[in-house]
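Fold and contact review
Each chain is listed here by its residues.
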Amino acid sequence: MSASRPPSTLAATSAVLAKELRLERRAPQTLTAMALFSATAIVIFHFALGRDEVSGALASGVLWVTLTLAALLGIGRVFVADSEEGGLDGFLLAPVERSALLIAKALSLLIFLIGVGALTSLIFAVLLLGPTPSVTQWGSLAIVIVLADIGIALVGTLVAAIAIQTRTRDLITSILALPLLIPVLIGATRACEPLLSVGGGGLATRWLMMLGLYDLVFGLLAYALFDYLIED
Amino acid sequence: MTTTKPLYGRRLTGLAIATAVVVTASIGLAFFYAPIEVDQGFSQKIFYIHVPLAIVTLGGFVFGGIFGVQYLRTGESRHDLRSYTAIHQGLIFCIGALITGSIWAKAAWGQWWVWDEPTLVSFLIVFLLYCTYQPLRFSIEDPERQARYAAVFAIVAGVFVPVNFIAVRLASPLIHPRVLGSSGGSLPNDMRIAFYSALLGATLLFITICKYEMASKNNRAQLAALRRSISGESGDISTGRSAAPKISPS
Amino acid sequence: MASTDQAVVCEGLVRRYGERRALDGIDLTLKRGQTLVVFGPNGAGKTTLLRVIATLLRANEGSVSVLGNDLRKNGREARSEIGFLGHSSLCYADLTARENLTYHARLHGIADPDERIERLLIETGLESRGDERVAGYSRGMVQRLAICRAVLHEPELLLLDEPRSNLDPAAIDQVEALIGAASGRSRVIASHDPAGGLEEADLVLGLRAGSPVMLAPAGELTAEQIGELYR
């Protein structure tokens, strides 16, 4: 008889996360769709704005509208595989803390978002961005993307858990997530604006603090409420 | 089985009369007692409608969240009904606040909408978020799950409101002098009296309407239960899909 | 491990969906090592009962305990002892059988699961196709994999919802050691087959519209009496 004892939350989280990443590697749907969407969106912005180059507030806006809408695609997929194949029940039957699912799902969404964020910024810099950011500015940009993506991943997982039980999953995901993400968008665009300006500028800590506050508040909220969404 | 629960809404008449009196009095005070504001003239009178509506809206959303917490704790459907009603009426008051705010903006700054008035912009965002409350409820069939998810929404949205206000305020350069703070703290005495009575009027109006909505929902549920017991049916109650809370007629 | 003679105890169990009572006042005690077979027409509440005992659904009223663990308080401890086989396999179609089982083994905290997984795959005849994606499996193979998943962590109590659906006679023999009487585990089985179900039952529960209309030791009942439930 093989020995078994209830795994820790960390062990359960890593099991779910490994499964998520394996699923995405096996059938790379979410990441591919998000990346393709972002690249196409930048091309669309080129024509819609009628510009070959953008900078400053406009550049920041284009980048974050693209990333936010791409995030919606990812959010819409968070629990799809589980609901189709009963994987949620599979998790719920295991002797583990429910929060492990929240953490693992948010982490895997975060990994996707950061991947898409990095790729999109590169494509954006090549295709549409006027000024060339310095190494420090790239670093600052990375910090903003990570902080904003943490918030998007947390709220996104929460919204996805709500939406998966509704009849109109895609509609609910979008109309619920977009207004909730407006503060993230405000913080991220304002923080990126000087980084993408001609002449350039530094990072304003108050936007980072705002993003950090958002991450903290909604992280705690998601942790407190997640159980009510997956239990029955 | 006979229902012994008292009908809701029997004591509402008194409250409704009190509300009518206070609302009428506060309108009178606002138009005839409070002085004409020096800078903005007569158009500033809308302040006595707009700001109370806005404050009551936020109060409604906060209580929606608090009742949501209570629902998750207890699982009692009356908390769900309270949360639903507070948010439903809050949304209606929110529309009022947005429209009066827009009129005020037109009168004061010549434009129907100003983006550098953070409170107004925050209200628009909050309005857009709470607009999803009904569609969310409607898209979940099981009443118990619907109530639970609605409670989670009410709590998340309730916390979102202040976070959103902070973010929007940080992002808005304050160009327009804030002649009148939302709190009414810097008002001259006669204006303050008119403002507080208007706030009281709006609050009473909100409570009265909420109580009437809950009374109506409860009475309808009891009526349906009576009909069923008369016709001798039992088991399933197929009232169709609804965004409104289910009330158990026990 | 909780030491108690009772595998499952339900007291006044009520589960509602909205205002419909899917389970209406279930009282039963199943001794350790025995088999309870639940009969009833579609929609009678068999699956709901199994899901409540499996901790997938909460009881609205009354209490349920599994091997001495009150599900309300000690659901997590109880889950270690429960193997649930429902209508869906709970396995991901884009993963292989081995990957699916490894995932569940990690969720159940099984130390060194590889050997156990290998043995189960051999017993169910899946070992040669264990590295194929589940999406390519036939329904019978998926059911066999689901059985492996349900017994992976050596649960004391098996909850089986029509466990032999989609299985051919050869496969039924294959899984007998895992989920049959030979497994030596306590079992709750939802069944549509009066004769076959009665054969393996120690205790029979008949449900109709959520209400327990029959609860008796199997020896006191005939297949005809159980067939009446479906009329």
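Thresholds, definitions, all that
- Each chain has its residues counted from 1, following the order in which its sequence is written.
- Following the order in which they are written, the chains are lettered starting with A and the ligands numbered starting with 1.
- At least 70 in pLDDT is required for a residue's local features to be given in this predicted model, at least 80 for side-chain atom pairs to be given and counted, and no such filter applies to totals for whole chains, interfaces and linings, which use all residues.
- The side-chain quantities take in all heavy atoms of the structure and omit both hydrogens and water.
- UniProt positions are given in the numbering used here, feature names are shortened, and annotations may be inferred rather than shown by experiment.
- Runs of E in the DSSP output that reach at least two residues are strands. Runs of H or I that reach at least four are helices, and both are numbered from the N terminus.
- Radius of gyration: over C-alpha atoms. The globule rule applied is 2.2 Å multiplied by the number of residues raised to the 0.38 power.
- Think of it in three bands: with a 1.4 Å probe and only protein chains considered, a residue is buried below 20% of the maximum accessible area for its type, exposed above 50%, and partly exposed in between.
- Only the protein chains shown count as cover for residues, and all accessible areas are computed by the Shrake-Rupley method using a 1.4 Å probe.
- The convention is simple: Lys and Arg are positive, Asp and Glu are negative, and His and the chain ends are not counted.
- Think of each charge as sitting on NZ of Lys, CZ of Arg, CG of Asp or CD of Glu.
- Any two of the Phe, Tyr and Trp rings considered here, Trp counted by its six-membered ring, make a pair once their centres fall within 6.5 Å; the pair's planes then place it as stacked at under 30 degrees, edge-to-face at over 60, or tilted in between.
- Residue contacts are defined here by distance: any two heavy atoms, one from each residue, within 4.5 Å place the two residues in contact.
- In this description, buried area is defined as the sum, over both parts, of the accessible area (probe of 1.4 Å) that is lost when the two are combined.
- Any Lys or Arg side-chain nitrogen found within 4 Å of a carboxyl oxygen on Asp or Glu counts as a salt bridge.
- In this count, Pro and Cys sit with the nonpolar residues alongside Ala, Val, Leu, Ile, Met, Phe, Trp and Tyr, while Asp, Glu, Lys and Arg are called charged and the others, Gly among them, polar.
- How sure the predictor is of each residue is captured by pLDDT, a score from 0 to 100.
- By this definition, two strands are paired if DSSP reports at least two bridges between them.
- Angles run from 0 to 180 degrees between N-to-C directions of axes, and those axes are lines fitted to C-alpha atoms, restricted for helices to the stretch in contact.
- Oblique is the label for every angle not falling under 35 degrees (roughly parallel), over 145 degrees (roughly antiparallel), or within 65 to 115 degrees (roughly perpendicular).
- By the definition used in this description, the sense in which the near helix is turned from the far one sets the handedness, with an anticlockwise turn below a right angle giving left-handed and a clockwise turn giving right-handed.
- Residue count minus one, scaled by 1.5 Å, sets the expected span of a helix.
- The term disulfide is used for any two cysteine sulfur atoms that are within 2.5 Å.

For the record of chain B, the UniProt heading Subcellular location (unreviewed entry) holds the text "Membrane". A UniProt comment under Sequence similarities (unreviewed entry) is attached to chain B, and it reads "Belongs to the CcmC/CycZ/HelC family."

As recorded in an unreviewed UniProt entry, chain A goes by Heme exporter protein B and comes from freshwater metagenome. Its UniProt record, at the heading Function (unreviewed entry), says of chain A: "Required for the export of heme to the periplasm for the biogenesis of c-type cytochromes." Taken directly from UniProt, the Subcellular location (unreviewed entry) text for chain A runs: "Cell inner membrane".

**Description of the overall build of chain A**
When helices and strands are counted, chain A shows nine helices and zero strands. Going residue by residue from the N terminus, the α and β elements of chain A occur as α-α-α-α-α-α-α-α-α. The globule rule puts the C-alpha radius of gyration for 232 residues at 17 Å, and the 19 Å found for chain A is close to it. Here the C-alpha coordinates of chain A stretch approximately 65 × 35 × 30 Å along the principal axes. Counting over 232 residues, chain A shows a buried share of 54%. Only carbon and sulfur atoms are counted for the fraction: they give 66% of the accessible area of chain A, which is about 9,200 Å². In chain A, 13 positive and 16 negative side-chain charges are present, and the distance between their average locations comes to 3 Å.

**A short note on the packing of aromatic side chains**
Residue and element names in this part refer to chain B. By the definition in use, this model includes 15 aromatic pairs over all chains. Between Phe 123 and Phe 165 the ring centres are 6.2 Å apart and the planes differ by 75°, which places this aromatic pair in the edge-to-face class. Of the two residues, Phe 123 sits in helix H4 (residues 118-130) while Phe 165 sits in helix H6 (residues 143-171), which places them 42 residues apart along the sequence. You can call Phe 123 buried: its relative accessible area is 5%. Taking relative accessible area as the criterion, Phe 165 reaches 21% and is therefore assigned partly exposed.

**A closer look at the UniProt feature "transmembrane region" (unreviewed entry) in chain A**
Residue and element names in this part refer to chain A. Mapped onto this numbering, the UniProt entry annotates "transmembrane region" (unreviewed entry) at residues 31-49, 61-80, 101-129, 141-164, 171-188 and 208-230. The span residues 61-80 shows a helical share of 90% and a strand share of 0%, and its end C-alpha atoms are spaced 30 Å apart. As a span, residues 171-188 carries 100% helix and 0% strand, and end to end its C-alpha atoms are 25 Å apart.

**Digging into the interface of chain A and chain C**
The interface is formed by 34 residues belonging to chain A together with 33 residues belonging to chain C. Overall, the association of chain A and chain C removes approximately 3,100 Å² of surface from exposure, summing both partners, and the carbon and sulfur fraction of that is 56%. Area buried by chain A at its contact with chain C is led by Glu 85, Leu 93 and Asp 232 of chain A, which between them contribute 23% of it. At the boundary of chain A with chain C, the tally comes to four salt bridges. In this structure, Arg 22 of chain A engages Glu 99 of chain C in a salt bridge whose closest nitrogen and oxygen atoms are separated by 2.9 Å. At the level of secondary structure, the elements contributing two or more residues to the side of chain A that touches chain C comprise helix H1 (9-26), helix H4 (80-85) and helix H5 (87-92) of chain A. No other element matches the ten residues that H1 of chain A contributes to the side of chain A that touches chain C. Partitioning the side of chain A that touches chain C into residue classes produces 18 nonpolar, six polar and ten charged.

**Focus: the confidence of the model for chain B**
Residues and elements named next belong to chain B. Of the residues in chain B, 86% reach a pLDDT of 70 or more, and the chain-wide mean stands at 84. Every residue in residues 179-184 scores below 50 in pLDDT, and together they form 17 contacts with partners more than four places removed in sequence or on other chains. Under the prediction, the complex receives an ipTM of 0.91, its pTM being 0.90.

**Concerning the pairing of strand E10 (residues 211-217) of chain C**
Pairing of strand E9 (residues 203-208) of chain C with E10 of chain C, which is carried by six bridges, proceeds in the antiparallel orientation. Among the inter-strand pairings, Leu 203 of chain C is bridged to a residue of E10 of chain C, identified as Pro 217 of chain C.

**Describing the packing of helix H3 (residues 97-107) of chain C against helix H5 (residues 139-151) of chain C**
All names here are of chain C. Between H3 and H5, whose axes approach to 10 Å, the crossing angle comes to 20°. With respect to each other, H3 and H5 are oriented roughly parallel. Considering only the axes of H3 and H5, their crossing is right-handed. Along the contact surface, H3 presents Ala 97, Leu 101 and His 104, while H5 presents Leu 145, Cys 148 and Arg 149. For the contact of H3 with H5, the residue count by class is four nonpolar, one polar and one charged.

**Quick notes on the packing of helix H7 (residues 135-163) of chain A against helix H9 (residues 205-230) of chain A**
All names here are of chain A. Where H7 meets H9, the axes come as close as 9 Å, and the angle between the chain directions of the two elements is 20°. For the element pair H7 / H9, the angle class is roughly parallel. Here H7 runs over H9; the crossing is left-handed. Counting all contacts with H7, which are made through Ile 143, Val 144, Leu 147, Ala 148, Ile 150, Gly 151, Leu 154, Val 155, Leu 158, Ala 161 and Ile 162, the residues of H9 involved are Leu 208, Leu 211, Tyr 214, Asp 215, Phe 218, Gly 219, Ala 222, Phe 226 and Leu 229. Tallied by class, residues from the contact of H7 with H9 come to 17 nonpolar, two polar and one charged.

**Side note on H1 of chain A**
Along its 18 residues, H1 of chain A runs 25 Å from first to last C-alpha, staying within 8% of the 26 Å computed at 1.5 Å per residue. Of all the residues in H1 of chain A, the buried ones are Ala 12, Thr 13, Ala 15, Val 16, Leu 17, Lys 19, Glu 20, Leu 23 and Glu 24 of chain A.

**Some remarks on the state of the cysteines**
Here is the idea: a disulfide is a covalent bond, and it sits between the sulfur atoms of two cysteines. If you walk through the whole model with that rule in mind, you get zero disulfides over all chains. As a non-bridged cysteine, Cys 94 of chain B has Cys 131 of chain B as the owner of its nearest cysteine sulfur, 7.7 Å distant. You can see Cys 91 of chain C has no disulfide; the closest cysteine sulfur is in Cys 148 of chain C, sitting 8.8 Å from it. Owing to a relative accessible area of 3%, Cys 91 of chain C belongs among the buried residues under this scheme.

**Quick look at the UniProt feature "transmembrane region" (unreviewed entry) in chain B**
Residue and element names in this part refer to chain B. UniProt tags residues 12-34, 46-69, 90-114, 120-138, 150-171 and 191-210 as "transmembrane region" (unreviewed entry). Split by type, residues 12-34 is 96% helix and 0% strand. Its first and last C-alpha atoms lie 31 Å apart. Helix makes up 100% of residues 191-210 and strand 0%, with an end-to-end C-alpha separation of 28 Å.

**Focus on the environment of Ile 186 of chain A**
With respect to the helices and strands, Ile 186 of chain A occurs in helix H8 (residues 169-192). According to the relative accessible area criterion, Ile 186 of chain A is buried, its value standing at 13%. Sequence-distant contacts of Ile 186 of chain A, that is, excluding residues within four places in its chain, are made with Trp 207 of chain A together with Ala 167, Val 168 and Ala 171 of chain B.

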